[in-house]
Amino acid sequence: MTGVKIGIIMGSQSDWSTMREAATILDELGLGYETRIVSAHRTPDRLWDYGKTAVERGLQVIIAGAGGAAHLPGMMASKTRVPVIGVPVQTRALSGVDSLYSIVQMPKGFPVATMAIGAAGAANAGLMAAAILANSDAALAQRLDDWRAALSASIPDEPSDD
């Protein structure tokens, strides 16, 4: 067991520009994570191995980002009991709607918590992963509460003329 509790996986290198947002949030909250490229179609053996070993390696949450057919989050959910948070990556062809539908429409028995399309969804996936872990980690719960309070405090009461 590595001590890392969160995995961030993506279908290709090009997905990292989106999935980096999840990593940034986890960094801000002081949470360790691992990152891997795991393509449901191009590296199926890697996907199987990652999912089958997730529990024994100590992962407690997996954030999976994918575009287009976006089978990675659902396939990962089929290989592990670790909660999977899906991030639809924006695509050129259909602006990520294809990714969203592929991730959110999972059959009964293989749930994937699905975030918004793109960078905001990836950031929210990081926050969701932190919230899941915060249920059993009081120090993390406090850091998450502080992060949320700082976000709220950063919003002005009135618009400026800038």
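Draft legend 1. Local environment of the pairing of strand β3 (residues 61-66). Of all six residues in β3, six are buried, a share of seventy percent or more. A two-sided burial pattern is seen for β3, the buried positions comprising Val61, Ile63 and Gly65 on one face and Ile62, Ala64 and Ala66 on the other. Where strand β1 (residues 6-10) lies against β3, five bridges are found, and the strand directions are parallel. Pairing of Ile8 across the sheet is with Ile63, part of β3. In this sheet, strand β4 (residues 84-88) lies alongside β3 in parallel orientation, the contact comprising five bridges. Across the sheet, residue Ile63 finds its bridge partner in β4, namely Ile85. Crossover handedness for the path β3 to helix α3 (residues 72-79) to β4: right-handed.

Draft legend 2. Up close: the layout of surface pockets. In this structure, the largest pocket spans a volume of roughly 220 Å³. As for the largest pocket, its lining consists of 19 residues, and the residues nearest its centre are Ser12, Asp15, Ala66, Gly67 and Gly68. Class assignment of the residues belonging to the lining of the largest pocket gives a composition of six nonpolar, ten polar and three charged.

Draft legend 3. Local environment of the packing of aromatic side chains. A complete count under the given rule lists zero aromatic pairs for this structure. Of note, Arg57 hangs over the ring of Tyr50, and the distance from its end group to the ring centre comes to 4.6 Å.

Draft legend 4. Focus on the side chain of Thr18. Locating Thr18 in the fold gives a position in helix α1 (residues 16-28). Taking the relative accessible area as the measure of exposure, Thr18 reaches 11% and is therefore buried. Other than its neighbours up to four places away in sequence, Thr18 contacts Val87, Val89, Gly118, Ala119 and Ala122.

Draft legend 5. Looking closely at α1. Taking 1.5 Å as the rise per residue, α1 with 13 residues should run 18 Å; its terminal C-alpha atoms sit 18 Å apart, in good agreement. Residues Trp16, Thr18, Met19, Ala22, Ala23, Ile25 and Leu26 constitute the buried set of α1. Next to the buried residues of α1 lie β1, β2 (34-37), β3, β4, α5 (119-134) and α6 (138-153). Where α1 terminates, the next one or two residues include Gly30, which has phi positive at roughly 70°.

Draft legend 6. Up close: the sheet that holds β3. The strand order across the open sheet formed by five strands is β2-β1-β3-β4-β5, and the pairing between neighbours is parallel. If you trace the sheet from one side to the other, it starts and ends with β2 and β5 (113-114), each paired once. As defined by bridge partners, β4 adjoins β5 across two bridges and the pair is classed as parallel. The partner of Gly86 across the bridge, within β5, is Thr114.

Quick notes on the rules
- Residues numbered from 1 in each chain as written.
- Predicted model: local features only at pLDDT ≥ 70, side-chain atom pairs only at ≥ 80, totals over all residues.
- Heavy atoms only, no water.
- Buried < 20%, exposed > 50% of the residue type's maximum accessible area, 1.4 Å probe, protein only.
- Helix = DSSP H or I, 4+ residues; strand = E, 2+ residues; numbered from the N terminus.
- Pairing = 2+ DSSP bridges.
- Right-handed = clockwise from strand over helix to strand, strands pointing away.
- 1 Å grid on protein atoms, 1.4 Å probe; cavity = no way out; pocket = protein on both sides within 12 Å on 5 of 7 lines; lining within 4 Å.
- Points joined across faces, edges and corners; volume = space filled by probe spheres on them.
- Nonpolar A, V, L, I, M, F, W, Y, C, P; charged D, E, K, R; others polar.
- Phe/Tyr/Trp six-rings, centres within 6.5 Å; stacked < 30°, edge-to-face > 60°.
- Lys NZ or Arg CZ within 6 Å of the ring centre and 35° of its normal.
- Contact = heavy atoms within 4.5 Å.
- Expected span 1.5 Å × (residues − 1).

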